[in-house]
Structure formats: structure tokens, C-alpha cells
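Architecture at a glance
The lines below spell out each chain.
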Amino acid sequence: MPTQFQAVRRTTLLALTLALAGIGTAQAEQRVIRIVVPYGTGAVQDTIARAIGDELGQALNASIVVENRAGAGGTVGTSQVARANPDGNTLVLAAASHNIAGYLYKNLSYDPYKDFTGVAYLGNTGYIILASSSLNAKTTADFIQAVKAKPGAYDYASAGNGSASHLGMASFLATAGAQMQHIPMKSTGDAVTELLAGRVQAVTAATIGVTAYRNDPRVTFLAYTGKTRSRFAPDLPTVAESGLPGYAFDSWLGLLAPAGLPAAERDKINAAVNKVLADPKVQTRLASLGVEAEAKTPAQFQDLLKADWEAAGKLVVASGARVE
């Protein structure tokens, strides 16, 4: 016959065993969500994915894994997500180049618009046009004049064929009626390195990728590509203000899932992302990356994707850009 102390001890040990078993089961069953970044480490999307990963994991009670799947202007990693199971466990952190790819590449294995579901909007980032100081161009008008004086004689670098930095500059030149040779690189960092070294004469790059060079004597910041001035560089005029009215180029950022994602799962992730975006720490973190964070409902994000899909076609046609 067990004593009262032995009975209490056995009950306590049983409760502890069950609790530990429960913890082990919960840990074993913790959800893993992959966020595929279709560019290399250090790219804008990569930095943003890692900036929200911890908080998003906590909001969803999941483990967030950021995977870099670079290649072919972001289409390699994106194609893998298009083929993934639409269960919400595989997402791609996409930007404006996502829809652009649908018009640039002839033989894509996926449809950027039809094969994806807009899950959560993250925000917007603009681009800055920089020129080599060797051109002695202090303004956008000076730059255009210099380039037009020697059609095709100057080069500009980008993060690769089909990248936003490629299309942003191509559309700018088309609007200005000027010609330059395109030199595709593997990343924005490589493109900026070419500019600093004097091997190319211009670059269009996301704000976060170039703000560190604002006072570098080797380059001149000409203009911001957004519709309105950036709060991260309020003294820099827009391209439209600089003599090309109507020109605007910026990039949305958001999480997409394969088409067929159940609405309930989409709404769950959307709510978690919007909760994360409301966190002041996350807002500060994204602002330091040049991202103007904003929450949207799934319907609002889907409307944006539709409008952007249609605008992307016009942009590619206007720029004359093609990728075989």
C-alpha cells in the first residue's frame, strides 16, 4: 500500500512525463514555412525576408526558413514555388520583376499571374539613378544630354537581365530617347561595383543598395524613380520633376503562394504578416532597408497584382527589353 508521499510523487512524475511528452510532440510537429528568395544572399528580397522572419515565425507558431534560389533573373526560384504544394508552407518573396518576367522571357515554365496567389503585401521600394562622375552630369538633364551626344557609347549595369534595375533603366532611356549598352551583372552589388570602378557610366538601383554612396565623389545621384519623392532621400528630385513628366518606376514587395492556396490559409498568413508589419521594431527595420511598409488585405493585394501585371506588359514594350 503506497504512502501518501509516494502517491503524490508518482502523480507528479506522471504529470511531468506527460508534459514533457507534449512538449516533444509540439516541437516535432512545429510547422516549417519556406520563404524562397529568387535571388542571391544580400539581395533586397533576401534582406527583407530575414528582417521579418523571426516575428512572422512567432505570429504563425512556425519555423521560417529563408532559401535563396537564384538564377535567370529570379525565374529559377520562382518556378520551384509555382510547382510546390499550395498548402501555405512554400512562399516566394516577390517584387515587380515577378510580373515583368512574364513578358521578358519567351519560354517560362509558369505564368506569373495565373500560377500564383497574392498572400501578403509588405510594402514598396523605389530606385535611384546614379551616374559616374566622369560624365560631369550634375542633373538628369545633363546626363541625358551627355548620353544623347554619343548614342550607344556609354554602358549601364544592372542586377541581371530582367531584373528591376534593368527594366527601370531601360524604360528611363526609352522615355528620354537615349541609348546605352546594357551590362548585366549577377547582383546589384556587382553593378554598383562596376560603376564605382568607372567601367560603366550609370546604374539604377534600389534605394537601400546605394544610400551608402551618397557622398562618394565617384558617383552622382541624379533622381528618384518613384511617383513622389522618397522619405529616405527627400532632397532628391523625382525623374518626373527632372524633365521626364509621366515617368515613374518603383517596386512592390510581397509574399506569393502557388495558385490554389485555400482562402483560409491565405487569410491566416495575411493576418500574421499584417500583425508583424504593425510592430514598431519591424517598421524601423524595414525603413532602414528603404522599404515603405504597408498592410493590405488579400483582395487589395490581388488587385495590385492585376494592375501591375497589365502595367508590366506596357513597361517591357516601351523599354524594348528582351531576354532569350
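None of the values given here were measured: they were computed from a predicted structure.

Describing the pattern of salt bridges
For the coordinates displayed, the defined rule picks out 13 salt bridges. Notably, a salt bridge pairs Glu-67 with Arg-69, separated by 3.3 Å at the nearest N-O pair. Residue Glu-67 is classed as buried on the basis of its relative accessible area of 17%. Of the residues examined, Arg-69 reaches a relative accessible area of 34% and is grouped as partly exposed. For Glu-194, the salt bridge goes to Arg-199, with nearest N and O atoms at 3.0 Å. Through salt bridges with shared partners, a single ionic network connects Arg-34, Glu-67 and Arg-69.

A word on unusual backbone geometry
Phi angles above zero are rare outside glycine, and Asn-61 is one such case at about 50 degrees. In this structure, Asn-61 sits in the loop between α2 (44–60) and β2 (62–68). Not every positive phi belongs to a glycine, and Asn-136 is a case in point at roughly 55 degrees. Its place among the elements puts Asn-136 in the loop between β4 (116–132) and α5 (140–149).

Here we look at helix α3 (residues 75–82)
Of all the positions in α3, only Thr-75, Gly-77, Thr-78, Ser-79 and Val-81 are classed as buried. On its buried face, α3 is in contact with β1 (31–37), β3 (90–95), α4 (97–104), β4 and β9 (250–258).

What counts and what doesn't
Residues numbered from 1 in each chain as written. Predicted model: local features only at pLDDT ≥ 70, side-chain atom pairs only at ≥ 80, totals over all residues. Heavy atoms only, no water. Salt bridge = Lys/Arg side-chain N within 4 Å of Asp/Glu carboxyl O. Buried < 20%, exposed > 50% of the residue type's maximum accessible area, 1.4 Å probe, protein only. Helix = DSSP H or I, 4+ residues; strand = E, 2+ residues; numbered from the N terminus. Contact = heavy atoms within 4.5 Å.

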